[in-house]
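The lines below spell out each chain.
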Amino acid sequence: LEMSRLEFYLPLHILLAACLCHSIKAPATNSQQSFRTDLFNFYHSLILADGKETTIHLLKDIPKRYYFVLEESRVLSPFTITVTPCDVPIEWSILMHKASASFLGKETQGDHDTQGDAKSQKAPSMVSTMFNYKGNSVETYMGMSSHAALYMLEFLSTERDTHITVYLTTDTTSGHLYPELPMDPRIDVIGIGHTTVTLAWKHSPSVLQHRESIQYCLLVNEKHNYKSLCAAETAIRSSGMKLPPTLALSLSPYLLEPQQVMILSNSELSIINKASSGEVRQICVGTRNTYTVPTLSPSTQYYFDVFVVNLLTNASAAYTGTFARTLEEPEPKVMELKDGKVIQVVLDGKKQKFCSLQYQAKHKKVQFTFQLCHGQVRVHITKNGKTVALENISGLRHFSLKGKLLDTYLVQLRSSEESNSSVKVQVSPHFHKPLFPLLPESLKIKSFSKLRTCNSVTIAWLGTQEESKYCVYKRRIEDDQIWRELQSAADRCSGPESRHKSEKVLCKYFYDLNLQRAVTTETIKGLDAGTLYLFDVYLLGPSGIPVRYHSKVVKTRKKC
């Protein structure tokens, strides 16, 4: 019986009907009856597509069966099956049901009459197990066949519901769906820093042959390595993150979820998936086979996976993953704080540099004072190793602490933003008069629109109950300079010494024991009509340490 390839892929119920028709013409031998029973079992499985990757969902403890048919050939015909578990380990096997000559009607009538059932009784079983495997690695079976045979693949998950991908091909001459891995698929760690790890790997043969349609993608996380790209997708989803349809290729801004951050620079495309359990970083680097992973945390173990991805088919192959631990952050130098002395600390936000200050108490009560000059700073104070204060500071902040003589205080200052930050610090016995001036409730400068003229403006600011010196400065600016001037004026610790003498308007003293009346106004004259001016007020306390009010931009009237 000559069957074409198309006839071998007829729906299974047609195959069953053919078997039944054949049984009417000749009595069924035992082996034929057994084979028909197996075919009835296959009726509840599915045909596995040839040359296409198939996603299969498995329910816990419920086996799922797929089958494919190979036609008879005069030469050995190769075929390959690749199974990729996308989560937990699974069990899978390949069974072959070989059609006997008697079943296919190739025996002669004489053979049937003379040997009949006696021959079939002696016939060996027509079902044989070709391969079985249990685990979560990507596994490929390569087989050869010259007989007409029906193959069954059975899959089982005993841990939980999961999904897998299966790829069958009987055409090994048309190229590979999956990109090829090199003979040595290991990833080498060639450099380790405090916040970086440099990786290198051997080129995939697919990259060398099809450079325009192949790329490398990296996966970085703190948990473990992944044996396939779909295993990584599943793990990220189960941690509460949402992903685009595919990890490596669907890196389009419109597909990103709120938990994702996309970074595109120097032909690199990175997606960072953020969740409470940590972050998973995906980086596609084109066809480069070396990469330095940036912005890692010091003294942290990371796991690195490299996948070579076919951009046309979305199929991928995984290199053997590796891991590395970043170097410990060097111990910062500890500066000693002295009673009453004010120091200014500048912090580099990009390197997340922090500064440590140590103080040994000579009194039971101490007061730490911090004046934020620029940026954002987080203050962490410990006493004998235990935290006594932790917060982000703004403006001027005092911490009054009680303890014992010779208590050791450690102050850690860290920039809480990427730009540079600076802060002034002072520690003194609690009963000493602080060097920093007493501050008003607000450091804003107010201008009165109705009191503006062509050559004068009136401003006001709040004072305190302590007699202090207030100095007013002005600077003429252009419309396109407003933003730059306000940015440069953001340093609230700079004093009048940083200003040109020609910018000084006046200095005066004032205070009021009643805070409701601690307000002063000043009319600045001699200005040009229709002109922008930047006004600054500096508060100088008894110690001379300045505090800068927030700059104010006012424009004089053009016509009066």
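Residues numbered from 1 in each chain as written. Predicted model: local features only at pLDDT ≥ 70, side-chain atom pairs only at ≥ 80, totals over all residues. Heavy atoms only, no water.

The name that an unreviewed UniProt entry assigns to the chain is Protein NDNF, with the source organism given as Formicarius rufipectus. Entered under Subcellular location (unreviewed entry) in the UniProt record, the comment concerning the chain runs "Secreted". (UniProt positions renumbered as here; feature names shortened; annotations may be inferred.)

Time to look at the environment of Pro546. Turning to its location among the elements, Pro546 is positioned in strand E35 (residues 546-548). Remark: the alpha-carbon pair of Pro546 and Phe436, spanning 110 residues in sequence, is separated by 8.0 Å. In contact with Pro546, not counting residues within four places along its chain, are Gln371, Lys424, Cys493, Ser494, Gly495, Pro496, Leu539 and Leu540. (Helix = DSSP H or I, 4+ residues; strand = E, 2+ residues; numbered from the N terminus. Contact = heavy atoms within 4.5 Å.)

The next subject is the sheet that holds strand E29 (residues 446-447). Backbone-to-backbone hydrogen bonds pair the strands of a sheet. The strands run either parallel or antiparallel. If you walk across this open sheet you meet the three strands as E29-E30-E33, and the pairing is antiparallel. Strand pairing shows two members of the sheet lacking a second neighbour, E29 and strand E33 (519-524), which therefore form its edges. Direction of pairing for E29 relative to strand E30 (residues 457-462): antiparallel, over a ladder of two bridges. Each residue of the ladder has a partner; that of Lys446, found in E30, is Ala460. (Pairing = 2+ DSSP bridges.)

Another aspect to go through is the side chain of Ser204. Relative to the assigned elements, Ser204 resides in the loop between strand E11 (197-201) and helix H6 (205-209). Of the polar contacts made by the side chain of Ser204, one reaches the backbone oxygen of Glu180; its length is 2.4 Å. Sequence-distant contacts of Ser204, defined by excluding residues within four places in its chain, comprise Glu180, Pro182, Tyr216, Val308 and Tyr319. (Polar contact = N/O pair within 3.5 Å; in protein donor to acceptor, adjacent residues only side chain to side chain.)

What follows covers the state of the cysteines. In total, this model carries four disulfides according to the counting rule given. Note on cysteine connectivity: Cys217 is disulfide-linked to Cys284, with sulfurs 2.1 Å apart. Disulfide Cys217-Cys284: torsion about the S-S bond near 100°, hence right-handed. Taken together, the residues Cys217 in strand E12 (residues 214-221) and Cys284 in strand E15 (residues 278-284) connect sequence positions 67 residues apart. Its relative accessible area of 4% is what places Cys284 among the buried residues. A disulfide bridge connects Cys454 with Cys560, and the sulfur atoms are separated by 1.8 Å. Across the S-S bond of Cys454 and Cys560 the torsion is about 120°, and the bridge reads as right-handed. Taken together, the residues Cys454 in the loop between E29 and E30 and Cys560 in the segment after strand E36 (552-555) connect sequence positions 106 residues apart. For Cys454, a relative accessible area of 15% translates into the label buried. (Disulfide = S-S within 2.5 Å. Buried < 20%, exposed > 50% of the residue type's maximum accessible area, 1.4 Å probe, protein only.)

Quick look at the pairing of strand E24 (residues 377-383) now. Where E24 lies against strand E27 (residues 408-415), seven bridges are found, and the strand directions are antiparallel. Pairing of Lys383 across the sheet is with Tyr409, part of E27. Note that E24 and strand E25 (residues 386-393) share seven bridges and pair antiparallel. Residue pairing in the sheet places Val379 in a bridge with Glu391 of E25. The turn joining E24 and E25, which pair antiparallel and follow one another in sequence, is formed by two residues; a positive phi near 55° is taken by Asn384.

Close approach of charged atoms allows side chains of opposite charge to pair. All chains considered together, the criterion is met by 13 salt bridges. Between Arg186 and Asp184 there is a salt bridge, with the nearest N and O atoms lying 2.9 Å from each other. Salt bridges linked by common partners bring Arg475, Arg499, Glu503, Asp536 and Arg548 together as one network. (Salt bridge = Lys/Arg side-chain N within 4 Å of Asp/Glu carboxyl O.)

We now examine the packing of aromatic side chains. Under the defined criterion, the tally for this structure stands at 20 aromatic pairs. Pairing Phe79 with Tyr141 gives two aromatic rings, centres 6.1 Å apart and planes at 50°, and the pair type is tilted. Here the residue Phe79 occupies a position in strand E4 (residues 77-85), and Tyr141 occupies one in strand E7 (residues 139-145), the gap between them amounting to 62 residues. Assigned by exposure class, Phe79 and Tyr141 land together as buried. Their ring planes at 45° and their centres at 5.3 Å tell us that Phe131 and Tyr141 sit as a pair that is tilted. Here the residue Phe131 occupies a position in strand E6 (residues 127-135), and Tyr141 occupies one in strand E7, the gap between them amounting to ten residues. Exposure remark for Phe131: the relative accessible area of 18% places this residue in the buried category. One Lys or Arg, Arg397, reaches over the ring of Phe399 and ends 4.3 Å from the middle of that ring. The ring centre of Phe510 lies 6.0 Å from the NZ or CZ of Lys508, which sits over that ring. (Phe/Tyr/Trp six-rings, centres within 6.5 Å; stacked < 30°, edge-to-face > 60°. Lys NZ or Arg CZ within 6 Å of the ring centre and 35° of its normal.)

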